[in-house]
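Survey of secondary and tertiary structure
Residues per chain are reported as follows:
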Amino acid sequence: QVRLVESGGGLVQAGGSLRLSCAYSGNIARIITLGWWLQAPGKRELVATINSVGATNYGDSVKGRFTISRDNAKNTVYLQMNSLKPEDTNIYYCNYVRIGGLGPWGQGTQVTVSS
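In this text the structure is predicted, and so the values were computed from the model without any measurement. (Residues numbered from 1 in each chain as written. Predicted model: local features only at pLDDT ≥ 70, side-chain atom pairs only at ≥ 80, totals over all residues. Heavy atoms only, no water.)

A word on unusual backbone geometry. Phi angles above zero are rare outside glycine, and Asn 75 is one such case at about 50 degrees. Note on placement: Asn 75 falls in the loop between strand 7 (66-71) and strand 8 (76-81). Classification of Asn 75 as partly exposed rests on a relative accessible area of 23%. Within the chain, Ser 83 stands out as a residue other than glycine whose phi angle is a positive 50 degrees. (Helix = DSSP H or I, 4+ residues; strand = E, 2+ residues; numbered from the N terminus. Buried < 20%, exposed > 50% of the residue type's maximum accessible area, 1.4 Å probe, protein only.)

Laid out in structure tokens, this is it:
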């Protein structure tokens, strides 16, 4: 079992920045990739992922504005969100990819960007 604890969401004005954190613990040997997703109509949409060697992948809407990173010593993955737009308003979910697919979804953290 892998436990994820998300934090860092909040309210920010357009053009501002936020940093989300996701602390992971438990059976972390099962983790292949860590990442962030958001809630889109009918599905969860990729924001960014990072694997064990630091290779990253981003959704088209956040490229150049968001940066994902991980601190293996602290077992934490971060999402630095810059140049935020009102359309970035959403619940952001931290999750992991293991053999067999994605882990269970948590409650996420709310990000609200005001215009």
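From this point, the narrative continues.
Next up on the list: the state of the cysteines. Inspection of every chain in the model, using the stated rule, returns 1 disulfide. Disulfide partner of Cys 22: Cys 94, at an S-S distance of 2.1 Å. Linking Cys 22 and Cys 94, the disulfide has an S-S dihedral of approximately -80 degrees and is accordingly described as left-handed. Taken together, the residues Cys 22 in strand 3 (residues 18-26) and Cys 94 in strand 9 (residues 90-98) connect sequence positions 72 residues apart. Like Cys 94, Cys 22 is buried. (Disulfide = S-S within 2.5 Å.)

What follows deals with the environment of Ser 25. Tracing the backbone shows Ser 25 in strand 3. The sequence separation of Ser 25 and Leu 4 amounts to 21 residues, and the corresponding C-alpha distance is 6.7 Å. In this structure, Ser 25 is in contact with Gln 1, Val 2 and Arg 3, ignoring residues within four places of it in sequence. (Contact = heavy atoms within 4.5 Å.)

Turning our eyes to something else, we now look at the pairing of strand 9. Sheet topology note: the strand 4 (residues 33-40)/strand 9 ladder contains 6 bridges and is antiparallel. Directly across from Trp 37, in strand 9, lies its bridge partner Tyr 93. Where strand 9 meets strand 11 (residues 109-114), 3 bridges bridge the pair, whose relative direction is antiparallel. Bridge pairing in strand 11 links Asn 90 to Val 111. Pairing between strand 9 and strand 10 (residues 101-102): 2 bridges, direction antiparallel. Bridge pairing in strand 10 places Arg 98 opposite Gly 101. (Pairing = 2+ DSSP bridges.)

One can find Glu 6 in strand 1 (residues 2-7). Salt bridges are absent for the buried Glu 6, whose nearest opposite-charge side chain, Arg 44, sits at 8.0 Å. Polar side-chain contacts of Glu 6 include one of 2.7 Å to the backbone nitrogen of Cys 94. A polar atom in the side chain of Glu 6 sits 3.0 Å from the backbone nitrogen of Gly 108. Discounting residues that sit within four places of it in the chain, Glu 6 has contacts with Ser 21, Cys 22, Trp 36, Tyr 92, Tyr 93, Cys 94, Gln 107, Gly 108 and Thr 109. (Lys, Arg positive; Asp, Glu negative; His and termini not counted. Salt bridge = Lys/Arg side-chain N within 4 Å of Asp/Glu carboxyl O. Polar contact = N/O pair within 3.5 Å; in protein donor to acceptor, adjacent residues only side chain to side chain.)

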